[in-house]
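# What the coordinates show
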Amino acid sequence: VNGGTGAEGYYTDQPVAHGLGLSPTTLSAVLDEEAGCFVILPLDSRQHVEVFLLSLTVSSAKNLAQLVPSGKADPPSYHFYFSLLGNDITMETFSSLAKGDFKPERATVRLKSSFETIAVYLAAQKPIMIHLCCGKESLGCAVIELSPLLNYDSAALNTHRSTLTLSYILHSL
């Protein structure tokens with residue numbers, strides 16, 4: 001999972017909150033189709049917001065054949081599926097679990113908000129569930145908690161791109 005910032009910033013037309021007293025119940029991610037991003041703001045705030053990128057890359061996997069129940073025929077194709085901020089992502093299909101011959105794919109969403117507001121919003125989100133699928137059947141799932149993303153210093157994010165690379169285990173269902 002990669003997180004980073006852009007240099008772009010703007011102000012909303014609402015009163016100042018500075019991230020204090022924010023509640024997940026007052027936050028929502030609203031798609032701004034014109035800007036091509038999600039805006040995450042409290043309903044009653046005036047904050048300086050920046051552009052952040054939240055990316056999730058599925059790049060490698062091994063021992064995938066262990067997720068197929070014994071006696072089940074090897075179907076022609078598999079794919080990974082997950083949801084990122086309500087956007088369903090289905091990766092390209094691949095044919096061999098033994099080789100794990102899929103191409104790495106990255107899904108990215110742009111977020112406009114303050115670091116503090118994004119931290120409160122992400123802390124309240126359910127983990128991302130990456131499923132290995134055969135057709136509509138999920139053979140296994142990896143759970144990605146978003147809390148490790150919240151350990152970054154907002155000042156550090158303003159000066160460089162931060163990358164968090166972790167490995168996760170697909171558990172059979």
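Before going into details, it helps to say that this report is about the structure given with it. (Residues numbered from 1 in each chain as written. Predicted model: local features only at pLDDT ≥ 70, side-chain atom pairs only at ≥ 80, totals over all residues. Heavy atoms only, no water.)

## Some details on the overall build of the chain
This is how the line gets drawn: Each helix is a run of H or I in the DSSP string that is no shorter than four residues. Each strand is a run of E no shorter than two, and both are numbered from the N terminus. Accessible areas in this description were obtained via Shrake-Rupley with a 1.4 Å probe; residue shielding takes into account the shown protein chains only.
For the chain, the helix and strand inventory stands at 2 helices and 11 strands. Ordered by position from the N terminus, the helices and strands of the chain form the series β-β-β-β-β-β-β-α-β-β-α-β-β. When the accessible surface of the chain is summed, it comes to about 10,000 Å², and 52% of that surface belongs to carbon and sulfur atoms.

## Here we look at the sheet that holds strand S8 (residues 128-134)
Note the cut-off: Between any two strands, at least two bridges found by DSSP are needed for them to pair.
The sheet built from 5 strands is open, its strands ordered S6-S5-S8-S9-S11 with antiparallel pairing. Because the sheet does not close on itself, it has two edges, and the strands there are strand S6 (87-90) and strand S11 (171-172). Pairing analysis gives 2 bridges linking strand S9 (residues 137-144) to S11, with the strands arranged antiparallel. Paired with glycine 140 across the strands is serine 172, a residue of S11.

## Topic: the environment of proline 42
Tracing the backbone shows proline 42 in strand S3 (residues 37-42). In sequence terms proline 42 and threonine 26 are 16 residues apart; their C-alpha atoms lie 5.5 Å from each other.

## Some details on the pairing of strand S5 (residues 79-84)
Where S5 meets S8, 3 bridges bridge the pair, whose relative direction is antiparallel. Counterpart to tyrosine 81 in the pairing with S8 is histidine 131. Bridge count between S5 and S6: 4 bridges; the pairing is antiparallel. Following the sheet pairing, phenylalanine 82 is matched in S6 by isoleucine 89. Counting the residues between successive antiparallel strands, the hairpin from S5 to S6 contains 2 residues, one of them, leucine 85, with a positive phi of roughly 50°.

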